[in-house]
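# Coordinate inspection notes
Below are the chains, spelled out letter by letter.
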Amino acid sequence: MTPDTSSPALVSASGRSLAPNWWAVVALIWSGQAFSIITSGASGWAIIWHVTTTEGSALKLAIVMALSQLPLGLLAPLGGVAADRYNRRTVMIISDLGAGGMSLALGALAWLGHGSFALICLFAALRSCFQAFHFPAMSAAMPMLVPEKHLMRVNTLDQAIGSIANIGSPAIGIALYTAGLPYTLGLEFVGALLAVAGLALARIPSVEAEMPPTIMGQIREGWRALSVNVGLVYLIVALTAGMMVFEALAAVYPLMAQQYFGADGAMVSVAEAITGTCMLLGALIMMAWGGGKRLALLISATTVVVGLPFAAVGLLPRSGFWAF
């Protein structure tokens, strides 16, 4: 990305003045976040593979996946409130350190021989609690740092980095798992420190806005603002329901690959790398294109397209791993 110097007065998507080198601040933040996302993905895959190989239970794997996502969904409104009430950089730093610290603590317990399934579930939920505050703060910070015409492209960086993580994280996580679960969990803490370093060096403006005095009052005000657009409410509800179904199916993919197709860790890593590569291609297309003007239609259409291969996977024979 090159700096936008077409206008003498650069303005962010939220209406704040920007320096000509705004892109350097964004690059600094996302460089640290990239390390965090990749190491977090590796740690997550090590835990998934650990539960897959040691428990061999679809129910237990689903429980871990649910506990790693449920607090994120339930606490996200509180994360949005925190992002509006407090300095967003501080919220992100605390969230990164908290999530990384949970992984480090679980790694230390596993090193001492206490990495039981119950502890894995507990720390997965605690880690998700911290992530619930990070995502809203990050999403709210970007419009303050990026011009309107580049906002979609910068937001797509999250998907692009996530796609890169999907390419390398399974291989990294499963490979490090062969040496021991604590090593991968410790790597996530290092990634969190790098993310914090990027945030500490970047300047994110503080929020100065009049808000209701109570948290519930702010949540109600946010809901009133959202409910003005009935179509947006329907879209959010439909996408939430669809994502719950997709995530439930994705949760059992590693177990399906191992028990149904007979795949080993390397084969599962290849499958995930293919998925990540295609997601990266989609992210790059979105960054170059911008998504057009009818984003709701684009989201709806691509969600339907994503559902087709999900359905097709269920029809494959046991010998169809490479089609999978």
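You'll find the structure just up there.
Right, let's walk through the structure included here. No experiment lies behind these values; they were computed from the predicted model shown. (Residues numbered from 1 in each chain as written. Predicted model: local features only at pLDDT ≥ 70, side-chain atom pairs only at ≥ 80, totals over all residues. Heavy atoms only, no water.)

Moving on, we get to the overall build of the protein chain. The number of helices and strands found in the protein chain is eleven helices and two strands. Listing every helix and strand of the protein chain by position from the N terminus yields β-β-α-α-α-α-α-α-α-α-α-α-α. In terms of overall size, the protein chain behaves like a compact globule, its C-alpha atoms giving a radius of gyration of 20 Å where 324 residues would be expected to give roughly 20 Å. Judged by the C-alpha coordinates and their principal axes, the protein chain covers about 60 × 45 × 40 Å. Residue burial in the protein chain is summarised as follows: out of 324 residues, 39% are buried. Across the protein chain, contacts joining residues at least 24 apart in sequence account for 84% of those joining residues at least 6 apart. In the form shown here, the protein chain has an accessible surface area of approximately 16800 Å², with 71% of it arising from carbon and sulfur atoms. (Helix = DSSP H or I, 4+ residues; strand = E, 2+ residues; numbered from the N terminus. Rg over C-alpha atoms; globule rule 2.2 N^0.38 Å. Buried < 20%, exposed > 50% of the residue type's maximum accessible area, 1.4 Å probe, protein only. Contact = heavy atoms within 4.5 Å. Areas by Shrake-Rupley, 256 points an atom, 1.4 Å probe, with all protein chains shown as cover.)

Going through the model one piece at a time under the given rule, you end up with six aromatic pairs. When the ring of Phe261 is compared with that of Phe324, the centres are 5.0 Å apart and the planes differ by 35°; the resulting orientation is tilted. Of the two residues, Phe261 is situated in the loop between α9 (253-260) and α10 (265-289) and Phe324 in the segment after α11 (295-313); the sequence distance between them amounts to 63 residues. Both rings, one in Phe321 and one in Trp322, keep their centres 5.1 Å apart while their planes meet at 75°; by these two values the pair is edge-to-face. For Phe321, a relative accessible area of 5% gives the class buried. What makes Trp322 exposed here is its relative accessible area of 62%. These aromatic residues form a ring-pair network of at least three members: Tyr260, Phe261, Phe321, Trp322 and Phe324. Stacked on the ring of Phe117, the Lys or Arg Lys60 has its end atom at 5.3 Å from the ring centre. (Phe/Tyr/Trp six-rings, centres within 6.5 Å; stacked < 30°, edge-to-face > 60°. Lys NZ or Arg CZ within 6 Å of the ring centre and 35° of its normal.)

Let us look at the packing of helix α1 (residues 22-55) against helix α2 (residues 58-85). Two elements in contact, α1 and α2, have axes whose closest approach is 9 Å; the angle formed by their N-to-C orientations is 160°. Between α1 and α2, the angle is such that the two are roughly antiparallel. Considering only the axes of α1 and α2, their crossing is right-handed. For the pair α1 and α2, the contacting residues are Ile47, Ile48, Val51, Thr52 and Glu55 in the first and Lys60, Leu61, Val64 and Met65 in the second. Class assignment of the residues belonging to the contact of α1 with α2 gives a composition of six nonpolar, one polar and two charged. (Axes fitted to C-alpha atoms, helices over the stretch in contact; angles between N-to-C directions. Parallel < 35°, antiparallel > 145°, perpendicular 65-115°, else oblique. Left-handed = near helix turned anticlockwise from the far one by under 90°. Nonpolar A, V, L, I, M, F, W, Y, C, P; charged D, E, K, R; others polar.)

A few words now on the environment of Asp264. One can find Asp264 in the loop between α9 and α10. The exposure class of Asp264 is partly exposed, given its relative accessible area of 40%. Put simply, Asp264 and Pro254 are ten residues apart on the chain and 9.6 Å apart in space, counted from C-alpha to C-alpha.

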